[in-house]
Amino acid sequence: MVGRAEEVEPSALALEWAPAKTPSLWRSLGRFMVRKPLGAFGVTVIVVLIVMAVGAPVLARYGVEETFEVPNPAYDPSSLDSGAFSPTVIDKQASPTMSHWFGTDNFGRDTYARIVWGARRTLKVGLLSLTVGTVVGILIGLTSAYFSGLVDTVVQRFMDTFQSFPALLFLLLLVTVFEPSELSLTMGLAIVSVPSISRIVRSVVLQTREMPYVEAAHLIGASHLRIMGRHILPNVMAPIIVIFTIGVGAVILAEASVSFLGFGPPGISWGQMLDTGRLFVLTSPWLALFSGGAITMAVLAFNLAGDALRDVLDPRLRM
Amino acid sequence: MRAYIISRLLLNIPVVFLAITLVFLASHAMTDYATRRVASSLTGAANLEEAIKQVRHELGTDRALHIQYLDYIGDVLRGDLGDSLLTKRPVLTELKDRLPPSIELGILDLVVALTVSVPIGIISAIRQDSWIDYLLRFLAILWLAIPSFYLAVILLIICFKVIGWTPPLTVTAYHNFPSDPVKNLQMLALPAIAGGIATGASIMRLLRSQMLEVLRQDYVRTAWAKGLRERTVVTRHALKNALIPVLTIAGLLVGVLFSGNVILETMFSIPGMGLFLVTSIRQNDFPVVDGIVLVVAIVLVFTNLAVDLTYAWLDPRIRYG
């Protein structure tokens, strides 16, 4: 407009060029829930698992080894039969009732309580092993891809060989050589998860390395460490979150398998409960059904959450 | 093509050595704990100290590590995997006896997996976003999550309630297929179905995404434009190309199948390599455990090589890339 300058409302101008408000965390979470209902379901179950693990003393209703007595229907003080001897008998292999939501197992222990307490092992081993594996995997993938060349090729071959090796066999081998404790199992699972993580990291780093801003940082004299940490690492985070979530599902499955075979660490574990339960599955299937169901739900939850996160964060990883 | 094969074979040699080294490191780290366990189950020694020394000497772990390593490589290359601590027979002989049931279970597993996953993957892809697609995808997600041993338990319950029959759950004689097919399948059917469905889930997902990609290609659109029937377009044009990555996965699944077999064999008392591995671990028979892991590792390395070569043969772009 030529001529006289108009009096413009300053607020109007300000509104035009004001930056958009980034949505609050609750907003984004709500959108995620609505757009990806399966992922929301997965996240909810994960939260339930965490609550179960943390709040086990409160939520479980009973202790892990607590057994229960019920009146002995064959009680007969005058009979010489050993089964009629005591007025109460341990409530073994009971079906679900109000006092035992999931029934009891062959020792008379409440199944629901054992499942709630068992969530601790599942989450502890799953999350801890994958965290360690992710840190190591990021270190290896990042350095190997950044300084590519012979080192990168050798490391890649190494990782490929390791990855094609069946994880269960490696874990069983570790279990024979080292004592089956939570520590050795966690370390074994961490080792097994490193190759796939380092591969993802490596592919992202190889792409990011060619970016102009990396070259620019290099030119103005940024050290390798600074470039890796400040410029390349943030790009790695999104795929890593996805791989981490899906990886927890796989690790939970592996831990359940090892415990199912009887080589898991001592203490309560869903896999070991399933192993016990299958021995009398035809007469009293509750222990097996509920412990296996718990494993399935946990793996399902992490898989669903990971899938949804991947769709949201980085669809390139879609299989 | 020949140059590619030769180069891949040469590249494979260090990989084989790498696999052997990894197994060696993992198994010969004979910790105090492991030696103590073997020693305590090996009677015939005056006290625990004596037994430990004896075990160390027998297994050769009292020598320096690099000497052990060189000996190990030499033995492996000659095919000598040591002797079982229990039966004193060569490990390789013991393995050979246990191989047929595992191989049969693996084949049945793969057959079930492919039979189930391929049609479902195709249907899911060509009817994308229909209610069938959502239902099948939901089922596939469930399959992926469910452990094969849980599925086996559920199938057992269903089998029992519906038919009133279960496969033999305690140790029974194994009849191989030629001698008694009915008894053989009775033993292997349930674990094969359970393992196959669990494995089929990942194949189905991969096939579906590959089909979706291929169906968008120009040559498929040309086939449609020519007026070909849906069945012809899907099978003759799309499926062939979509199956290539699936073949890669199917090859790699040999390793997964073996792990799954360990659990299923233990559950159903099938006298294969998996059950042998588990019993050997329980009986502290270290040479057998090492031997099994080593054999599986080497088989896997060569399977991967075969898969890579097949891939290159099917898709000429790989050879020159």
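Bear in mind the structure is a predicted one, so any value in this text is a computation, not a measurement.

Asks: For this particular structure, what's the right way to read the overall build of chain B?
Replies: From N to C terminus, chain B includes 13 helices and zero strands. The order of helices and strands in chain B, counted from the N terminus, is α-α-α-α-α-α-α-α-α-α-α-α-α. Burial statistics for chain B: of 321 residues in total, 36% are counted as buried. Sequence-distant contacts in chain B: of pairs separated by 6 or more residues, those separated by 24 or more amount to 73%.

Asks: I'm lost on the overall build of chain A in this one. Help?
Replies: From N to C terminus, chain A includes twelve helices and two strands. Relative to a compact globule of 319 residues, whose C-alpha radius of gyration would be 20 Å, chain A shows 27 Å and is clearly more extended. Principal-axis analysis of the C-alpha atoms places the extent of chain A at approximately 115 × 60 × 30 Å. Burial analysis of chain A (319 residues in total) assigns 42% to the buried set. Pairs at least 24 apart in sequence give 69% of the contacts found in chain A among residues at least 6 apart.

Asks: Is there a simple way to explain the interface of chain A and chain B in this structure?
Replies: As a measure of interface size, the accessible area lost when the parts come together is often cited. With 39 residues of chain A at the contact, the number on the chain B side is 45 residues. Mapped onto the side of chain A that touches chain B, the elements with two or more residues apiece are α6 (150-164), α7 (167-177), α10 (224-260), α11 (270-279) and α12 (286-313) of chain A. In terms of residue count, the dominant contributor to the side of chain A that touches chain B is α7(A) (nine residues). Within the side of chain A that touches chain B, the residues separate by chemical class into 28 nonpolar, eight polar and three charged.

Asks: Looking at this structure, I do not really get helix α4 (residues 65-78) of chain B. What am I missing?
Replies: Each α-helix winds once per 3.6 residues, and so residues spaced three or four apart point in a common direction. With 14 residues, α4(B) should cover 20 Å at 1.5 Å per step; its first-to-last C-alpha distance of 20 Å lies within 8% of that length. A positive backbone phi angle near 85° is found at Gly79(B), which sits one or two residues after α4(B).

Asks: I tried to follow the confidence of the model for chain B on my own but got confused; where do I start?
Replies: As a note on interpretation, predicted positions should not be read in detail where pLDDT is low. Across chain B, the average pLDDT comes to 78, with 83% of residues at 70 or higher. Interface predicted TM-score (ipTM) for the complex: 0.82; the corresponding pTM is 0.83.

Asks: What exactly am I supposed to notice about the packing of helix α11 (residues 273-282) of chain B against helix α12 (residues 286-314) of chain B here?
Replies: For any two helices packed against each other, the geometry comes down to the angle between their axes and how far apart the axes lie. Residues and elements named next belong to chain B. Direction vectors running N to C along α11 and α12 enclose 145°, while the axes themselves pass 8 Å from each other. Between α11 and α12 lies a crossing of left-handed hand. Where α11 approaches α12, its residues Met-273, Phe-276, Leu-277, Ser-280 and Ile-281 are matched on the opposing element by Val-288, Val-289 and Ile-292. Residues belonging to the contact of α11 with α12 are distributed by class as follows: seven nonpolar, one polar and no charged.

Asks: Is there a simple way to explain the environment of Glu94(B) in this structure?
Replies: All names here are of chain B. Position of Glu-94 among the secondary structure elements: in helix α5 (residues 91-126). By the C-beta count within 10 Å, which is 22 here, Glu-94 ends up buried. For the pair Glu-94 and Phe-276, spaced 182 residues apart in the sequence, the C-alpha separation amounts to 9.1 Å.

Asks: Explain the environment of Thr21(B) to me, please; I cannot follow it from the model alone.
Replies: Examined against the element boundaries, Thr21(B) turns out to sit in helix α1 (residues 2-28). Separated by 84 residues in sequence, Thr21(B) and Leu105(B) place their C-alpha atoms 29 Å apart.

Asks: Just checking my understanding: could you explain α11(A) for this structure?
Replies: By the criterion of burial, α11(A) is predominantly enclosed, with eight of the ten residues buried. Looking only at α11(A), the buried set comprises Trp270(A), Gly271(A), Gln272(A), Met273(A), Leu274(A), Asp275(A), Gly277(A) and Arg278(A).

Asks: How should I be thinking about the environment of Trp286(A) in this particular structure?
Replies: All names here are of chain A. Position of Trp-286 among the secondary structure elements: in helix α12. Residue Trp-286 is classed as buried on the basis of its 22 C-beta neighbours within 10 Å. Sequence-wise, Trp-286 and Gly-39 are 247 residues apart; in three dimensions their C-alpha atoms are separated by 28 Å. Among residues more than four places away in sequence, those in contact with Trp-286 are Ser-95, Pro-96, Phe-102, Gly-103 and Thr-111.

Asks: Just to check I follow, could you spell out unusual backbone geometry for this structure?
Replies: Glycine aside, the phi torsion of most residues is negative, and most peptide linkages are trans. One non-glycine residue, Ser269(B), lies in the positive phi region at around 55°. Position of Ser269(B) relative to the elements: it lies in the loop between α10 (230-268) and α11.

Asks: Just to check I follow, could you spell out the packing of helix α5 (residues 111-146) of chain A against α12(A) for this structure?
Replies: Residues and elements named next belong to chain A. Their axes nearest at 11 Å, the elements α5 and α12 cross at an angle of 30°. Classified by chirality, the crossing of α12 by α5 is right-handed. Of the residues in α12, those in contact with Thr-111, Ile-115 and Thr-122 of α5 are Trp-286, Leu-287, Phe-290, Ser-291, Ala-294 and Ala-298. In the contact of α5 with α12, the residues fall into six nonpolar, three polar and no charged.

About the thresholds
Residues numbered from 1 in each chain as written. Chains lettered and ligands numbered in written order. Predicted model: local features only at pLDDT ≥ 70, side-chain atom pairs only at ≥ 80, totals over all residues. Helix = DSSP H or I, 4+ residues; strand = E, 2+ residues; numbered from the N terminus. Buried ≥ 20, exposed ≤ 12 C-beta atoms within 10 Å, placed from the backbone. Contact = placed C-beta atoms within 7 Å. Rg over C-alpha atoms; globule rule 2.2 N^0.38 Å. Nonpolar A, V, L, I, M, F, W, Y, C, P; charged D, E, K, R; others polar. Expected span 1.5 Å × (residues − 1). pLDDT = per-residue confidence, 0-100. Axes fitted to C-alpha atoms, helices over the stretch in contact; angles between N-to-C directions. Left-handed = near helix turned anticlockwise from the far one by under 90°.

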